[in-house]
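Structural description and commentary
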Amino acid sequence: MSPGDVPNDYAQTEKAALRLIARAEQTVSGLSRKLIKKGYDSVCVQTIIEKLCETGLLDDRRYACLWLETRIARKASSPLRLLSSLRSRNIDRHDADLALKETLDEEAELQLLHRFVQKYAHKRIKKSGSDDSVQSYRYLLKSEGFSAPVIQRFFDMTF
């Protein structure tokens, strides 16, 4: 390997990383995995990743916020399941928690809770032929990560 190969590899790796970032928001682990899979040197990839993080072009928390906004708008889920999905994308717990707090205000959480209950109630009614008690709903909602004030607000509105 000649001395000229290193800067060229670095430049090629950086160019590939920037192309991927330009297409879609990336996570640190996802971008790293994609570049290494394409055959770029892992040390070079790590250096590029660090640089992109320092410049703000790569940010796991920003990715998490954008992902949460999309998921909350489209699917019925719960805060616990959203956090679990972020963690499965290798977003660290701190960034995932902060992103959820930034993204899920009380109104969004209440809407999420309504969709979750509709989905849960539909499945339970089909299965057992009856609705669950208020207490079991409260327990379920708390175990799924919904906040106590939002749960109370939901029941105040519903009953």
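No experiment lies behind these values; they were computed from the predicted model shown.

1. Describing the pattern of salt bridges
Per the stated rule, a full pass over the model turns up six salt bridges. For Arg81, the salt bridge goes to Glu144, with nearest N and O atoms at 2.9 Å. Here Glu144 lies in the loop between α8 (134-143) and α9 (148-158) and Arg81 lies in helix α5 (residues 79-88), a separation of 63 residues in the sequence. The exposure class assigned to Arg81 is partly exposed, which follows from its relative accessible area of 44%. The class for Glu144 is buried, based on a relative accessible area of 9%. Through salt bridges with shared partners, a single ionic network connects Glu106, Glu107 and Arg153.

2. Some thoughts on the packing of aromatic side chains
Per the stated rule, a full pass over the model turns up two aromatic pairs. Both rings, one in Phe116 and one in Phe146, keep their centres 5.7 Å apart while their planes meet at 55°; by these two values the pair is tilted. Within this pair, whereas Phe116 is found in helix α7 (residues 106-128), its partner Phe146 is found in the loop between α8 and α9, the two being separated by 30 residues in sequence. Their ring planes at 80° and their centres at 5.2 Å tell us that Phe154 and Phe155 sit as a pair that is edge-to-face. With a relative accessible area of 5%, Phe155 lands in the buried category.

3. Comments concerning α5
Every buried residue of α5 is listed here: Pro79, Leu82, Leu83 and Leu86. The buried residues of α5 occupy one face: seen down the axis, they fall within an arc of 100°. Asn90, located one to two residues past α5, shows a positive phi value of around 65°.

4. Things to note about the nonpolar core
The biggest cluster of nonpolar side chains holds 28 residues, and the ones touching the most others in it are Leu68, Leu82, Leu86, Leu113, Leu141, Phe146 and Phe154. Mapped onto this core, the elements with two or more residues apiece are α4 (60-74), α5, α6 (93-103), α7, α8 and α9. Excluding its chain neighbours within four sequence positions, the residues that come into contact with Leu82 are Trp67, Leu68, Arg71, Ile72, Ser77, Leu100 and Leu112.

5. Structural notes on the side chain of Asp95
By the secondary structure assignment, Asp95 is in helix α6. No salt bridge is formed by the buried Asp95, whose closest oppositely charged neighbour, Arg61, lies at an N-O distance of 5.0 Å. What Asp95 contacts, discounting residues up to four positions off in sequence, is Asp60 and Arg61.

6. Examining α4
Look at α4: 21 Å from first C-alpha to last across 15 residues, which is about the 21 Å you get at 1.5 Å a residue. Where α4 is concerned, the buried positions are Asp60, Tyr63, Ala64, Cys65, Trp67, Leu68 and Ile72. The N-cap of α4, judged by a side-chain oxygen 2.9 Å from the amide nitrogen of Arg61 a few residues on, is Asp59.

7. A look at the environment of Arg33
By secondary structure assignment, the location of Arg33 is in helix α2 (residues 28-37). Overall, Arg33 belongs to the exposed group, its relative accessible area being 52%.

8. Section: the packing of α8 against α9
At their nearest, the axes of α8 and α9 sit 10 Å apart, and the two run at 150° to each other. It follows that α8 is roughly antiparallel to α9 by the angle criterion. At the point where α8 passes α9, the crossing takes the right-handed sense. Between α8 and α9, the contacting residues are Val134, Tyr137, Arg138, Leu141 and Lys142 on the first element and Ile151, Gln152, Phe154 and Phe155 on the second. Along the lines of polarity and charge, the residues of the contact of α8 with α9 split into six nonpolar, one polar and two charged.

Definitions and cut-offs
- Residues numbered from 1 in each chain as written.
- Predicted model: local features only at pLDDT ≥ 70, side-chain atom pairs only at ≥ 80, totals over all residues.
- Heavy atoms only, no water.
- Salt bridge = Lys/Arg side-chain N within 4 Å of Asp/Glu carboxyl O.
- Helix = DSSP H or I, 4+ residues; strand = E, 2+ residues; numbered from the N terminus.
- Buried < 20%, exposed > 50% of the residue type's maximum accessible area, 1.4 Å probe, protein only.
- Phe/Tyr/Trp six-rings, centres within 6.5 Å; stacked < 30°, edge-to-face > 60°.
- Arc of directions from axis to C-beta.
- Core = buried A, V, L, I, M, F, W, Y, C linked by side-chain atoms within 4.5 Å.
- Contact = heavy atoms within 4.5 Å.
- Lys, Arg positive; Asp, Glu negative; His and termini not counted.
- Expected span 1.5 Å × (residues − 1).
- Polar contact = N/O pair within 3.5 Å; in protein donor to acceptor, adjacent residues only side chain to side chain.
- Axes fitted to C-alpha atoms, helices over the stretch in contact; angles between N-to-C directions.
- Parallel < 35°, antiparallel > 145°, perpendicular 65-115°, else oblique.
- Left-handed = near helix turned anticlockwise from the far one by under 90°.
- Nonpolar A, V, L, I, M, F, W, Y, C, P; charged D, E, K, R; others polar.

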